[in-house]
Amino acid sequence: QVQLVESGGGLVQAGGSLRLSCAASGSIFSFNFMGWYRQAPGKLREKVASITWGGLTNCADSVKGRFTISRDNSKNTVYLQMNSLKPEDTAIYYCRLDVGAQYYWGQGTQVTVSS
């Protein structure tokens, strides 16, 4: 059974930084991609960034130049380094893992950016 455990959320002032981690456990030998999504109150969940097993990355335009996604395949862990945070980055951040035809979500971690 695959489980995703996120950590690293919190409260930060605008302009600050946070680093999110998502560790996947279970029988995972490779994956299609791991990614971060976020959902702000009253808004739809949106994709923030993703990374493939081979290391190809993709980021939403709203976070390009500020957020960086990386992974450690040996630990089945993906990271999201968030710099120059803005109040509009406030949301619950979810990790997602796509393996074959299945996908899994983490429980979410709150990120709050104060102005």
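Residues numbered from 1 in each chain as written. Predicted model: local features only at pLDDT ≥ 70, side-chain atom pairs only at ≥ 80, totals over all residues. Heavy atoms only, no water.

**Q** Looking at this structure, I do not really get the pattern of salt bridges. What am I missing?
**A** Any two side chains of opposite charge can pair, given that their charged atoms come close. Enumeration according to the criterion identifies five salt bridges in this entry. The residue Asp-89 makes a salt bridge to Arg-38 at a minimum N-O spacing of 2.9 Å. Of this pair, Asp-89 sits in the loop between β8 (77-82) and β9 (91-99) while Arg-38 is found in strand β4 (residues 33-39), placing the two residues 51 residues apart along the sequence. For Asp-89, a relative accessible area of 1% corresponds to the buried category. Several salt bridges share partner residues, and in doing so they unite Arg-38, Glu-46, Arg-66 and Asp-89 into one network. (Salt bridge = Lys/Arg side-chain N within 4 Å of Asp/Glu carboxyl O. Helix = DSSP H or I, 4+ residues; strand = E, 2+ residues; numbered from the N terminus. Buried < 20%, exposed > 50% of the residue type's maximum accessible area, 1.4 Å probe, protein only.)

**Q** Would you explain the side chain of Asn-76 in this entry?
**A** Mapped onto the fold, Asn-76 is located in the loop between β7 (67-72) and β8. For Asn-76, a relative accessible area of 11% translates into the label buried.

**Q** Mind showing me how you'd approach the state of the cysteines here?
**A** What makes a disulfide is a covalent bond joining the sulfur atoms belonging to two cysteines. Taken as a whole, this structure holds one disulfide when the rule is applied. Bridging Cys-22 to Cys-95, the disulfide has an S-S length of 2.1 Å. An S-S torsion of about -85 degrees defines the bridge between Cys-22 and Cys-95 as left-handed. One end of the pair, Cys-22, is in strand β3 (residues 18-25); the other, Cys-95, is in strand β9, with 73 residues separating them in the sequence. (Disulfide = S-S within 2.5 Å.)

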